[in-house]
Number of protein chains: 4
Amino acid sequence: MAPLRVGVVGVGMMGTDHADRLVHRISGADLVAVSDPDTDLAAELAARFPGVRAVEDPIALIADEHVDAVLIASPGFAHEEQVLACVENGKYTLCEKPLTMDAASALRVVEAERKGGRPLVQVGFMRRFDPEYAAMKRLLDSGELGRTLLVHNIHRNKVVPDSFRSEMIVQDSLVHEVDVCRWLFDDEIDMVTILVPRSTSEAADGVRDPQVAIFQMAGGGLATTEVFVNSRIGYEVRCEAVAERGNITIGLGQGPHLRRDNHYGGHIPDDFRDRFGRAYDLEVQAWVDASRRGAVVGPTSWDGYAATAVSAAGVAALATGRPIRVNLADRAEVLGGAAG
Amino acid sequence: MAPLRVGVVGVGMMGTDHADRLVHRISGADLVAVSDPDTDLAAELAARFPGVRAVEDPIALIADEHVDAVLIASPGFAHEEQVLACVENGKYTLCEKPLTMDAASALRVVEAERKGGRPLVQVGFMRRFDPEYAAMKRLLDSGELGRTLLVHNIHRNKVVPDSFRSEMIVQDSLVHEVDVCRWLFDDEIDMVTILVPRSTSEAADGVRDPQVAIFQMAGGGLATTEVFVNSRIGYEVRCEAVAERGNITIGLGQGPHLRRDNHYGGHIPDDFRDRFGRAYDLEVQAWVDASRRGAVVGPTSWDGYAATAVSAAGVAALATGRPIRVNLADRAEVLGGAAG
Amino acid sequence: MAPLRVGVVGVGMMGTDHADRLVHRISGADLVAVSDPDTDLAAELAARFPGVRAVEDPIALIADEHVDAVLIASPGFAHEEQVLACVENGKYTLCEKPLTMDAASALRVVEAERKGGRPLVQVGFMRRFDPEYAAMKRLLDSGELGRTLLVHNIHRNKVVPDSFRSEMIVQDSLVHEVDVCRWLFDDEIDMVTILVPRSTSEAADGVRDPQVAIFQMAGGGLATTEVFVNSRIGYEVRCEAVAERGNITIGLGQGPHLRRDNHYGGHIPDDFRDRFGRAYDLEVQAWVDASRRGAVVGPTSWDGYAATAVSAAGVAALATGRPIRVNLADRAEVLGGAAG
Amino acid sequence: MAPLRVGVVGVGMMGTDHADRLVHRISGADLVAVSDPDTDLAAELAARFPGVRAVEDPIALIADEHVDAVLIASPGFAHEEQVLACVENGKYTLCEKPLTMDAASALRVVEAERKGGRPLVQVGFMRRFDPEYAAMKRLLDSGELGRTLLVHNIHRNKVVPDSFRSEMIVQDSLVHEVDVCRWLFDDEIDMVTILVPRSTSEAADGVRDPQVAIFQMAGGGLATTEVFVNSRIGYEVRCEAVAERGNITIGLGQGPHLRRDNHYGGHIPDDFRDRFGRAYDLEVQAWVDASRRGAVVGPTSWDGYAATAVSAAGVAALATGRPIRVNLADRAEVLGGAAG
């Protein structure tokens, strides 16, 4: 199958990160074009990757017949026009949140897509792809714990710029928990309350930070969310779902933590592919990257030799129950003085 | 830069896993050829991936001028001939452990590579690429904790086949800790002792399992390793390094755990790229994969619309301090009865 | 100093527990009298402990000149009369929560005590004495983390009887968090909201469980509390306080967990008195109890002998670097066949 | 039953700690006498506690007919004579470790006790009374995990005086693990090896620290122990027992941690008596202590009043689903300006 030819619209911090991702960590996709109002920035990024064009007009990029799919990382106010153009041109779209700036325009996107007759748009709520959130969702959906009653979220940033105002805490930060709660409960949010305690003195003047949001779900579920964007702690995201017969917490760093029947705990993997799968990916990627630039990284043949020699000594030690000395060749002599 | 053209020699469980990895998760590489004594197996694998040839003779694959690099996942006894062929043909090589079956043959590989004048061989000790081990190594090497004095390893498998004998525990399992200890101490192992307590009744008759290995490093370090391949627990790998002014433990699942100065703890990331980097990768990969097959997965435009509507209600709630109802359009009407 | 002569009023589950505590685990106090409407129960308890009288009338017990202090564990509706009698008679009082059944009567107790001219009454909010809560309070009060902004509480019971109604969740369970929040913020609660999601099907008909309480403190702090008394999980109490420059969580079982400055973690004690203080208490108590009944428990002289013999072998092993065999005397011979 | 009359021999750091414990935290015992070569120290301690005599000659204390039981906390070299005197006088004895200075003298104590015809001596291996070790032992003895195969111990001190020499690491520190291993395996240690890596530069000149001890049990079990008395980390004691079908770790601070069948985790208590039992003890002890000196600590009647008022508001909030204001009486007016 031919690779998916992807264009990226908006190459600020997020768009550049996605461009790097498409080039270096995603298989089956070719980054072919980028577009940004800052044409120098776009040109510079295009120059870093062979075969990538900088296109001045984002709508032209979207319409380009050599572009199969578009990743939109432009500012939110530009989304409506760009996503509608994608839908019109039949392009698969990954649009960073928010979909658009208000509900009416977002609804226009939904309707345009529907009229087009086939789904094209994915919105960038990436937490659904986080392995911990995904495992939590699977466990809740299994029904094993009964219905989900409550969700408690914690969402903390270390610090934000002074330009990050009270409303942006709702629109840019809390919006992730909006999607998480809709997704975990598989239900719409019916009622929203935002409570503001005294604000931290670490926030800019007039900014109400932290905030506590209460979501009442249409089906009777309830969610509390602390958002604290000048927490001075670091980036900290946790989610605890409380069901009728147990609760699950993620974000502690150890995979979903389950509490039920007087027991807390988690899963121990069956084999090395689970525990070290990512290490294998990183190993092979490092090998591919090094080979392309004519180098060798990582464990060398000397390391392989030394390990084999120690293993042989180990087998002898096992047979005798005694300490066995490992007799290695002289490294400097073998390698001619070069480090292995 | 042109992709690295990779051949895989040996397509049993490990080689197939690597082939999948090269095709689906590694960028910058093209899998072009596979070889296995079981020619049906090789043909079947090749058929799964367009552009991949099955080559009967592994040495022919290695010599093929359309192959830039070779990943060797054949049984250990075949390694010497194959790696030497790689060196002779100037091919970059990633050889699964063990490098060869004994120290003398491994040394021949080291010497052949040296005579070739440039490094070509990487050995598959993938733990060096595990983010936790790598972070531990960086911290030890920083010198902040003083010299490393002791390393304690735990290496447990849930269960192994009855054919996995006492010596294989040393050669196939313990060999990972051999490399870990050499790497962490940056030193050679001078003396090996293998202690065997009474064996578990869960192991096959005559198999000495668990085993405790003692490594005395040339420079005075010491390492203890429990290897227990029929532990019935699961796959469990931990490593604790004890230095002069603190210790680091990995394998608890939360990143390196540091103990020093009456304090234990770990790191909280600065931003979302650290915490959710993998989620972004998985999100974009899912989008690419879905787009290539003409589908949309993940959060839809309806999800984007609903989130935007809730955000607007949230901003109103923030302004008033009161509960605000979210008024969504009728989903069935907008979507024509289709699920979003 | 003479021991404090204590009477216990109400010997249901809680009062019996306190009576046992006074007799077996508290020093400086003599339990001298108990009273309960169920006179058989009181008589039975009195009979278990030498020197303890059963007194039919609780007010007579309170007035008794041989009683210095009264622990009130009767049902809440009896508290007002009993505590007022304690105040009138100048008796030190530990009154289980609630102080009385409504605010007006509680205020009468406060006023009576004030008129008496000296403090006499302690209310049974025992969480303030929990080492974790106490450490959290000390850290918040130190000012090191800035002002406290938010508190999040989790309060779960495994299951309660069907007679435990929705209001009791507020009055009997949530009341602990009422005190915790007042104490941690050092402030009064200004506004209370109770939110009820759909109820668990594990609760009795009509019982609203779980509940989420919101406390707005007079000084601007905010607290959220989940109370879930039929959680099926077990007894689970956690508290997370969020201050301007860090947060503290207790109830994870490892002492206060502090997050600040991109770091999470906790304290490692300085010496064995911190880690094993309770073990020493339990050891000496076990010795005292065994000695009083003419028995020896715990490590015997044989255990002391064997440890000394192993230590001697250890010192020899240290000197030689070799395995040293421990030669113990024949146990059966030395002990005459009796177990050590 | 009359209290046990206890004498303490040796009132250095350990003996003073035990005297405090007997007076303040242990029920059923009266401290009646203390003895120490430093007679001023003994007199001073006796003066702190009414009814306690300082006795110059420890043997006289032991022989005193008003002493029922003796706690020996003198230096190890004095133990043999003192414990033998206890045995001769039929006194219950709790002897701090080591029982005596060498195996021959320890055996004389065992034999003397045996000749006396009844057990009298308990040795101060207090870890057996630590709730975590005790729970671990119970679980191993239950047989649920099969036979115990391996034990791994970590025993770290933050720092010791320069006078603490290499041999003392074996005799004074490792001796705890000697007892732990004998007790957990219910078996004698057959062979001891002490391995010494390069020593930390934080230890005094010539002191071999850390050390790794290997114990081979008579029945085939095996134990590894790291002892590191100048670890700079803090006081850290962990123990991991590996059985045929699972392993248990203690010392992580959360009660025994069990790993088996692809699962790790621990226990959540059934009710508050488990979680807050110690808080109740501390609460009642604080109340007793305060009452004896004529004071009130802890939650006051005002706190009880405020909690009751908030509960009433909470019940109203539950009924209405709305925020309810709490109207407290004016505190300064009610209390006459005094803090509550």
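Residues numbered from 1 in each chain as written. Chains lettered and ligands numbered in written order. Predicted model: local features only at pLDDT ≥ 70, side-chain atom pairs only at ≥ 80, totals over all residues. Heavy atoms only, no water.

Enquirer: Just checking my understanding: could you explain the interface of chain B and chain A for this structure?
Expert: A common way to state how big an interface is: give the accessible area lost once the parts meet. Contact residues are listed per partner, giving 140 residues for chain B and 141 residues for chain A. Buried area between chain B and chain A, summed over both chains or domains, comes out near 12000 Å², and the portion from carbon and sulfur atoms is 66%. Its largest share of buried area at the contact with chain A, chain B owes to Tyr235(B), Trp287(B) and Arg292(B), together 7% of the area lost on that side. Close ionic contact of Asp303(A) with Arg182(B) constitutes a salt bridge, the shortest N to O distance being 3.0 Å. Scanning the region where chain B abuts chain A turns up 43 residue pairs in polar contact (both at pLDDT 80 or more). (Contact = heavy atoms within 4.5 Å. Buried area = accessible area lost by both parts, 1.4 Å probe. Salt bridge = Lys/Arg side-chain N within 4 Å of Asp/Glu carboxyl O. Polar contact = N/O pair within 3.5 Å; in protein donor to acceptor, adjacent residues only side chain to side chain.)

Enquirer: Explanation requested: the UniProt feature "domain: Gfo/Idh/MocA-like oxidoreductase N-terminal" (unreviewed entry) in chain A in the structure shown.
Expert: UniProt feature "domain: Gfo/Idh/MocA-like oxidoreductase N-terminal" (unreviewed entry): in the numbering of this structure it lies at residues 4-125 of chain A. End C-alpha to end C-alpha, residues 4-125 of chain A measures 21 Å, and it is 43% helix and 21% strand. (UniProt positions renumbered as here; feature names shortened; annotations may be inferred. Helix = DSSP H or I, 4+ residues; strand = E, 2+ residues; numbered from the N terminus.)

Enquirer: Would you mind going over the relation of the copies chain B and chain A with me for this structure?
Expert: Both copies of the chain are related through a single rotation about an axis accompanied by a shift along the same axis. Once turned by 180 degrees and shifted 0.0 Å along the axis, chain B lies on chain A with an RMSD of 0.1 Å. Within this description, the copies of the chain are treated as partners about a two-fold rotation axis. Most of the interface of chain B is mirrored in chain A, where 100% of its interface residues again form contacts. (Least-squares fit on C-alpha atoms with pLDDT ≥ 70 in both.)

Enquirer: In this structure, what is going on with the interface of chain D and chain B? I would like to understand it.
Expert: On the chain B side, the residues contacting the 46 residues of chain D number 46 residues. Summing the contributions of chain D and of chain B, the shared interface buries around 3500 Å²; its carbon and sulfur component is 53%. The largest contributions to the chain D side of the interface with chain B come from Arg198(D), Ile233(D) and Glu244(D), which together make up 19% of the buried area. Scanning the region where chain D abuts chain B turns up eight salt bridges. For Arg238(B), the salt bridge goes to Glu240(D), with nearest N and O atoms at 2.8 Å. Those elements that place two or more of their residues in the side of chain D that touches chain B are β7 (148-156), β9 (211-217), β10 (222-228), β11 (236-243), β12 (246-250) and β13 (257-260) of chain D. In terms of residues, the side of chain D that touches chain B owes the most to one element, β7(D), which gives six residues.

Enquirer: Can you help me understand the sheet that holds strand β2 (residues 29-35) of chain C in this one?
Expert: Each strand in a sheet pairs with its neighbour through backbone hydrogen bonds, running either in the same direction (parallel) or in the opposite one (antiparallel). Residues and elements named next belong to chain C. The six strands lie next to each other as β3-β2-β1-β4-β5-β6, forming an open sheet whose pairing is parallel. Looking at strand neighbours, the two that pair on one side only are β3 (53-54) and β6 (121-123), the edges of this open sheet. Across three bridges, the pairing between strand β5 (residues 92-95) and β6 is parallel. Considered in β6, the bridge of Thr93 is made with Val121. Across the face of the sheet, helix α1 (residues 13-24) comes into contact with β1 (4-9), β2 and β4 (69-72) while running at roughly 155 degrees to β2. (Pairing = 2+ DSSP bridges. Axes fitted to C-alpha atoms, helices over the stretch in contact; angles between N-to-C directions.)

Enquirer: Would you mind going over the packing of helix α4 (residues 79-88) of chain B against helix α5 (residues 103-116) of chain B with me for this structure?
Expert: Pairs of packed helices are described in terms of their axes, by the angle between the two and the distance that separates them. All names here are of chain B. Where α4 meets α5, the axes come as close as 10 Å, and the angle between the chain directions of the two elements is 5 degrees. Considering their axes alone, α4 and α5 lie roughly parallel with respect to each other. Across the interface between the two elements, Glu80, Val83, Leu84 and Val87 of α4 pack against Ser105, Arg108, Val109, Ala112 and Glu113 of α5. Taken together, the residues that form the contact of α4 with α5 break down as five nonpolar, one polar and three charged. (Parallel < 35°, antiparallel > 145°, perpendicular 65-115°, else oblique. Nonpolar A, V, L, I, M, F, W, Y, C, P; charged D, E, K, R; others polar.)

Enquirer: Can you walk me through the packing of helix α7 (residues 166-185) of chain C against helix α9 (residues 301-320) of chain D in this structure?
Expert: Contact geometry for α7(C) and α9(D): axes closest at 9 Å, N-to-C directions at 135 degrees. Judged by the inter-axis angle, α7(C) sits oblique to α9(D). The handedness of the crossing between α7(C) and α9(D) is right-handed. For the pair formed by α7(C) and α9(D), the contact residues are Ser166(C), Glu167(C), Val170(C), Gln171(C), Val175(C), Val178(C), Asp179(C) and Arg182(C) on the first element and Trp302(D), Asp303(D), Ala306(D), Ala307(D), Val310(D), Ser311(D), Gly314(D), Val315(D) and Leu318(D) on the second. Its residues assigned to classes, the contact of α7(C) with α9(D) shows nine nonpolar, four polar and four charged. (Left-handed = near helix turned anticlockwise from the far one by under 90°.)

Enquirer: Sorry, what's going on with the environment of Glu113(B) here?
Expert: Mapped onto the elements of the fold, Glu113(B) is located in helix α5. Take Glu113(B): its relative accessible area is 9%, and that puts it in the buried class. A C-alpha to C-alpha distance of 31 Å links Glu113(B) and Glu132(B), two positions 19 residues apart in sequence. With residues near it in sequence (within four places) discarded, Glu113(B) still touches Ser301(A), Val87(B), Arg118(B), Pro119(B), Leu120(B) and Val121(B). (Buried < 20%, exposed > 50% of the residue type's maximum accessible area, 1.4 Å probe, protein only.)

Enquirer: How should I be thinking about the pairing of strand β10 (residues 222-228) of chain A in this particular structure?
Expert: Successive residues of a regular strand alternate their side chains across the two faces of the sheet. Residue and element names in this part refer to chain A. Burial within β10 is extensive, with seven of its seven residues counted as buried. Of the two faces of β10, the one lined by Leu222, Thr224, Glu226 and Phe228 and the one lined by Ala223, Thr225 and Val227 are each fully buried. The pairing of strand β7 (residues 148-156) with β10 spans seven bridges and is classified as parallel. Within β10, the position partnered with His152 by the bridge is Thr224.

Enquirer: Would you mind showing me how to read the sheet that holds strand β4 (residues 69-72) of chain B here?
Expert: Residues and elements named next belong to chain B. The six strands are arranged β3-β2-β1-β4-β5-β6 in an open sheet whose pairing can be described as parallel. A single partner strand is all that each edge strand has here, and the edge strands are β3 (53-54) and β6 (121-123). For strand β1 (residues 4-9) and strand β2 (residues 29-35), the ladder comprises six bridges, and the chain directions are parallel. If you follow Val9 over to β2, its bridge partner there is Ser35.

Enquirer: Just to check I follow, could you spell out unusual backbone geometry for this structure?
Expert: Excluding glycine, a negative phi dihedral is what most residues carry, and trans is how most peptide bonds are arranged. In this chain, Lys97(D) is followed by Pro98(D) through a cis amide linkage whose omega measures 0 degrees. Looking at the element boundaries, Pro98(D) is found in the loop between β5 (92-95) and α5 (103-116). For the bond from Asp209(D) to Pro210(D), the omega torsion is 5 degrees, close enough to zero to count as cis. Look at Asp261(A): it is not a glycine, yet its phi comes out positive at around 50 degrees. Looking at where Asp261(A) falls in the secondary structure, it is placed in the loop between β13 (257-260) and β14 (263-267). On the accessibility criterion, Asp261(A) (48% relative accessible area) is partly exposed. Of note, Asp186(C) is a non-glycine position whose phi angle comes to about 55 degrees, a positive value.

Enquirer: Looking at this structure, how should I read the pairing of strand β8 (residues 189-195) of chain A?
Expert: Summarising burial for β8(A): six of the seven residues are buried, a large majority. Bridge count for β8(A) against strand β9 (residues 211-217) of chain A is six bridges, and the pairing is antiparallel. Residue Ile189(A) lies in a different strand from β9(A), and its bridge partner there is Met217(A). Direction of pairing for β8(A) relative to strand β15 (residues 324-325) of chain B: antiparallel, over a ladder of two bridges. Bridge pairing in β15(B) places Val192(A) opposite Ile324(B).

Enquirer: Help me understand the pattern of salt bridges in this model?
Expert: Any two side chains of opposite charge can pair if their charged atoms end up close together. Counting across every chain of the model gives 116 salt bridges over all chains. In this structure, Glu236(B) and Arg238(B) form a salt bridge, with 2.9 Å as the shortest nitrogen-oxygen distance. Residue Glu236(B) shares its accessibility class with Arg238(B), and that shared class is buried. One network of salt bridges, in which partners are shared, links Arg128(A), Asp179(A), Arg182(A), Glu188(A), Asp303(B) and Arg331(B).

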